[in-house]
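Here is what each chain is made of, one letter per residue.
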Amino acid sequence: MNLRYIPYEQHSAFQNMAIDESVLEHVQQGKSPPTLRLYGWKPAAITIGFYQGIRYEVDLEKCKEQNIDVTRRITGGGAVLHEHEITYSLIAPQDQFPKDVIQSYEVICQYVVKALQSLGVQARFHPINDILVDEKKISGSAQTREKGVLLQHGTLLLDVDVDKMFSLLIVPDEKIKDKFIQSVKKRVVSLKEHGTFTREQIIKAILSEIQVHHEITPGEFSDEERTRAHELDKKYRSEEWVMQR
Amino acid sequence: MRRSIVLKKEKLLRVDVDYDSVIRSVRITGDFFLSPNCIVELEAACTGAVPNTALGEKLNRLIIQKSATLIGITPADIVEALRMATQ
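Here's what I pulled together on the structure shown here.

It is worth spelling out the packing of aromatic side chains at this point. Under the counting rule described, the total for this entry stands at seven aromatic pairs over all chains. Considering the side-chain rings of Phe50(A) and Trp241(A), the 5.6 Å spacing of their centres and the 50 degrees angle between planes classify their relative orientation as tilted. Taken as a pair, Phe50(A) in the loop between β3 (45-48) and α2 (54-57) and Trp241(A) in helix α9 (residues 239-242) lie far apart in primary sequence, 191 residues in all. When its relative accessible area of 6% is taken as the criterion, Phe50(A) is described as buried. Where Tyr51(A) meets Phe32(B), the ring centres are 5.1 Å apart and the plane angle is 20 degrees; that geometry is what we call stacked. One end of the pair, Tyr51(A), is in the loop between β3 and α2; the other, Phe32(B), is in the loop between β3 (23-30) and β4 (33-35), on a second chain.

Moving on to the interface of chain B and chain A. On the chain A side, the residues contacting the 22 residues of chain B number 21 residues. Interface area for chain B against chain A, summed over the two sides, is near 1,600 Å², with a carbon-plus-sulfur share of 55%. Summed over the shared surface of chain B and chain A, the number is one salt bridge. Measuring nitrogen to oxygen at the nearest pair gives 2.8 Å for the salt bridge that ties Glu43(B) to Arg245(A). Viewed at the interface, chain A and chain B are joined by 13 residue pairs in polar contact (both at pLDDT 80 or more). Breaking the side of chain B that touches chain A down by element, the ones donating at least two residues are β2 (12-19), β3, β4, α1 (39-46) and β5 (69-71) of chain B. In terms of residues, the side of chain B that touches chain A owes the most to one element, β3(B), which gives four residues.

Calculation criteria
- Residues numbered from 1 in each chain as written.
- Chains lettered and ligands numbered in written order.
- Predicted model: local features only at pLDDT ≥ 70, side-chain atom pairs only at ≥ 80, totals over all residues.
- Heavy atoms only, no water.
- Phe/Tyr/Trp six-rings, centres within 6.5 Å; stacked < 30°, edge-to-face > 60°.
- Helix = DSSP H or I, 4+ residues; strand = E, 2+ residues; numbered from the N terminus.
- Buried < 20%, exposed > 50% of the residue type's maximum accessible area, 1.4 Å probe, protein only.
- Contact = heavy atoms within 4.5 Å.
- Buried area = accessible area lost by both parts, 1.4 Å probe.
- Salt bridge = Lys/Arg side-chain N within 4 Å of Asp/Glu carboxyl O.
- Polar contact = N/O pair within 3.5 Å; in protein donor to acceptor, adjacent residues only side chain to side chain.

Following this line, the structure appears as structure tokens:
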């Protein structure tokens with residue numbers, strides 16, 4: 001498969017999600033090629049999975065106080081604080097990947113696993129949708145399939161602040177909050193704890209691994225994709241979308 | 001009556017149920033995956049039903065009909081949560 005590669009750029013959560021959805025629509029309509037994006041988040045933001053109840057997951061007051069944007073993804077999965085990370089999204093016809101969803105998670109996650117291994121970081125895929133290093137989560141992904149096209153986006157943690165994360169997310173039981181945070185700290189890791197890597201090095205490693213399987217052609221968004229992303233940005237900011245569950 | 005039940009399966013499942021002798025309305029939330037999205041149809045299928053095996057089968061049929069994939073929870077988990085909420 002020939003992948004259009006949109007080089008790393010940083011956007012707000014609303015824009016990032018709007019761009020992913022716009023590209024998804026355009027690939028579905030046959031107007032855009034299969035696409036790989038690598039991106040960051042500015043400002044920091046929380047996204048929640050499509051099926052999550054926002055009032056159960058996010059302390060919206062705290063997010064407002066700390067200027068953390070909050071939006072809902074079109075993919076399932078859990079709540080994520082996006083701050084120090086590289087995010088990928090891969091949007092392509094689903095027949096390019098295994099029909100079985102968990103197998104397709106594995107195929108795509110393996111690109112990141114192999115990239116990490118090439119940097120000397122011993123990573124492995126952990127079903128359903130995680131990548132572990134030393135049995136701790138360093139990456140999570142979420143996938144949706146609509147109209148024959150698959151969108152998978154996932155994070156690679158460069159650094160992580162679990163205390164900050166749980167000052168913004170609601171913990172299941174306030175009485176055991178400290179214990180819960182300690183247990184999460186034991187289960188999550190960032191790349192920073194495994195060496196000093198520049199963003200460019202990491203991106204190069206990811207692209208090199210993907211190039212083993214697919215052709216990559218650097219490209220940019222079409223005007224139509226940009227216009228649609230601009231429209232969708234409003235959706236991702238809207239109370240109607242964010243608060244729907 | 002209105003009740004909320006959380007079940008931790010492979011992924012987390014929460015049901016917020018309004019019920020009397022049958023389920024009047026339900027909101028199914030959690031960090032599971034369902035693709036293509038047919039959550040509103042699943043919730044609608046629960047309305048007017050009681051949480052039993054037949055409801056689980058109905059949800060399963062609906063998922064197949066929609067060519068959807070549910071990952072991290074199962075229709076039986078949804079029925080189990082509804083049963084706990086309405087007991």
